[in-house]
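Residues per chain are reported as follows:
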Amino acid sequence: MKRVEGFNFSFNSSACASCGGACCIGESGYIWVNYPEIEAIASYLNISIESFAKEYLIRAKNRYSLKEFKVKELGYSCIFFDTENRVCKIYDVRPKQCRTFPFWGVYKSDTKELIKECPGVVLDEDN
Ligand code: SF4
């Protein structure tokens, strides 16, 4: 069980295998990537930064986000989520946003949506 100070829940990553990627698929959103992350993913894919940007990035709010695609009935998926095998295709170099899930600032005060979405989240008993 992983714990991070300031959060009122723990995270059991062994639940990831069974959930089918609820954090990579669902409502549309941004998957922010910074320049070092872009470099790392492009290098992992063995393509140039330019090709990577063209194929996989959108610009939003003065930042870069990975693209999404529509998945029938399930909402939107990160472009790097393999919806058939339910795995991240760039897991080893996934952005910080993905590596730090579910310990995001937004979930410090409100875990209502999070517990519906993520079976690995276990609320502290005093909640
Ligand atoms: S980069 Fe990987 S872990 Fe992050 S949202 Fe996309 S598929 Fe999920």
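Residues numbered from 1 in each chain as written. Predicted model: local features only at pLDDT ≥ 70, side-chain atom pairs only at ≥ 80, totals over all residues. Heavy atoms only, no water.

Taken together, Cys24, Leu66, Cys78, Phe80, Phe81, Cys88, Ile90, Pro95 and Cys98 make up all the residues around the ligand. Considering only residue class, the shell around the ligand consists of nine nonpolar, no polar and no charged. (Near = heavy atom within 4 Å. Nonpolar A, V, L, I, M, F, W, Y, C, P; charged D, E, K, R; others polar.)

Now for the nonpolar core. Of all hydrophobic cores here, the largest spans 17 residues; its most connected members are Val33, Ile41, Phe52, Leu57, Leu66, Cys78 and Phe80. When contributions to this core are tallied by element, the ones reaching two or more residues are α2 (35-45) and α3 (49-56). Examining the composition of this core, we find that three residues originate from one element, α2, more than from any other. Among all residues touching Phe80, those that are not within four sequence positions of it are Ile41, Leu45, Phe52, Tyr56, Leu66, Val87, Cys88, Lys89 and Ile90. Counting nine residues, the second largest nonpolar core, distinct from the first, contains Phe7, Phe11, Tyr107 and Val121. (Core = buried A, V, L, I, M, F, W, Y, C linked by side-chain atoms within 4.5 Å. Buried < 20%, exposed > 50% of the residue type's maximum accessible area, 1.4 Å probe, protein only. Helix = DSSP H or I, 4+ residues; strand = E, 2+ residues; numbered from the N terminus. Contact = heavy atoms within 4.5 Å.)

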